[in-house]
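If you want the building blocks of each chain, they are given just below.
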Amino acid sequence: MKNTTKLFAAALMAGALPTAALTAVPASAQVVQGIGIANPDAIVVNTAAFRTAEQQRQTTYAPQMQQAEQRRAQIAQQLQPLYQQIQTASQQANPNQQQLQQQAAQIQQIEQQAQAELQQIMQPVALSRAYVLEQLSEQFNTALTNVKQRKRLTLILTPDSVLDADQAYNINQDVVNEMDRLVPSVQIVPPAGWLPRAQREAQAQAAQQQPQQGNAAATGGR
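Residues numbered from 1 in each chain as written. Predicted model: local features only at pLDDT ≥ 70, side-chain atom pairs only at ≥ 80, totals over all residues. Heavy atoms only, no water.

Colleague: Teacher, can you tell me more about the overall build of the protein here?
Modeller: Of the regular secondary structure elements, the protein holds eight helices and two strands. Ordered by position from N to C terminus, the α and β elements of the protein give α-β-α-α-α-α-α-β-α-α. Taking all 222 residues of the protein together, the buried fraction comes to 32%. Taking as baseline every contact in the protein between residues at least 6 positions apart, the subset at least 24 positions apart corresponds to 89%. In the form shown here, the protein has an accessible surface area of approximately 14,200 Å², with 50% of it arising from carbon and sulfur atoms. (Helix = DSSP H or I, 4+ residues; strand = E, 2+ residues; numbered from the N terminus. Buried < 20%, exposed > 50% of the residue type's maximum accessible area, 1.4 Å probe, protein only. Contact = heavy atoms within 4.5 Å. Areas by Shrake-Rupley, 256 points an atom, 1.4 Å probe, with all protein chains shown as cover.)

Colleague: What should I look at first to understand helix α3 (residues 48-60) in this one?
Modeller: Owing to its 3.6 residues per turn, the α-helix brings residues three or four apart onto one side. When the terminal C-alpha atoms of α3 are compared, their 18 Å separation across 13 residues agrees well with the 18 Å that a helix rising 1.5 Å per residue should span. Regarding α3, the residues found buried are A49, F50, A53, E54 and R57. The arc that holds the buried residues of α3, viewed along the axis, is 135 degrees, so those residues lie on one side. More than 90 degrees from the buried face of α3, the exposed residues found are Q55 and T59. Where α3 is buried, its residues meet α2 (40-45), α4 (62-90), α6 (123-150) and α7 (172-182). (Expected span 1.5 Å × (residues − 1). Arc of directions from axis to C-beta.)

Colleague: Is there a simple way to think about the nonpolar core in this case?
Modeller: Where a protein is soluble and globular, its nonpolar side chains tend to be buried together. Among the nonpolar cores identified, the biggest contains 22 residues, and I43, V132, L136, I171, V175, M179 and V186 are the most heavily contacted of them. At the level of secondary structure, the elements contributing two or more residues to this core comprise α2, α3, α6 and α7. No other element matches α6, which puts seven residues into this core. If we ignore the near neighbours within four places in the chain, the residues touching V132 are F50, A53, R57, V186, Q187 and I188. Listed in part, the 12 residues of the second largest apolar core include A68, L82, I86 and I121. (Core = buried A, V, L, I, M, F, W, Y, C linked by side-chain atoms within 4.5 Å.)

Colleague: How should I be thinking about the packing of aromatic side chains in this particular structure?
Modeller: Given two aromatic rings, one states the distance between the centres and the angle between the planes to describe the pair. For the structure shown, the criterion picks out one aromatic pair. Summarising the aromatic geometry, the rings of Y131 and W194 are spaced 5.0 Å apart at their centres and angled 65 degrees between planes, so their arrangement reads as edge-to-face. Taken together, the positions of Y131 in helix α6 and W194 in the loop between α7 and α8 (197-221) put the pair 63 residues apart, joining distant regions of the chain. Here the two residues Y131 and W194 agree in accessibility, since each one is buried. (Phe/Tyr/Trp six-rings, centres within 6.5 Å; stacked < 30°, edge-to-face > 60°.)

Colleague: Looking at this structure, how should I read the pattern of salt bridges?
Modeller: One side chain can pair with another of opposite charge once the charged atoms of both are near each other. With the rule as written, the count across this model stands at eight salt bridges. For R197, the salt bridge goes to E134, with nearest N and O atoms at 3.9 Å. In this pair, R197 is assigned in helix α8 and E134 in helix α6, connecting sequence segments 63 residues apart. According to the relative accessible area criterion, E134 is buried, its value standing at 6%. (Salt bridge = Lys/Arg side-chain N within 4 Å of Asp/Glu carboxyl O.)

Colleague: For this particular structure, what's the right way to read the packing of α4 against helix α5 (residues 97-121)?
Modeller: Each packed pair of helices is defined by two parameters, the angle between the axes and the distance between the axes. Interaxial distance between α4 and α5 falls to 10 Å at its minimum, and their mutual angle equals 175 degrees. Looking at the two axes, α4 sits roughly antiparallel to α5. (Axes fitted to C-alpha atoms, helices over the stretch in contact; angles between N-to-C directions. Parallel < 35°, antiparallel > 145°, perpendicular 65-115°, else oblique.)

Given below as structure tokens:
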């Protein structure tokens, strides 16, 4: 279960999953004891802490969201005549291919610049989501272990590793309840200079490699 944050990547992009994904039905006579199925993404986005954080973020980061929406509308307005222009030119009997390529390149450049600009505007929002997920991920293994012990499970699978199974094996709601107990709330504003774990680890690895490369260069120069 090391590096559990990776399990929550889908949650950063897709938002909350429906609560129906957590619902279990009464166990049937064929249920094998000791086995459970847990969906980490569905669990984390259905915790009370995550849902509350999603609501709070709409207020805390409203200026960034509004700025991004306004800029997105401006970019769309800028691109619309260019789309129309290239569409009209391409429908000519003998379209100028070089001109079409130039127009397409211009549109692509604007789109790429716009995407980078919007990502920059929304970076605080993305960092907030990552910060919330990291706080939850730090307690996920503990919550899963507690449920495992309480239900006396010896094997826990993820849905993508199971072809078909009765919903009686679903322990999502059990883990959600335990997560709510362990992490009733989270902070949505990360500390100044905070970076997600993956970036922190990459920076640490790069810092470790620099002295090694310096030593190798010094040794080679002798």
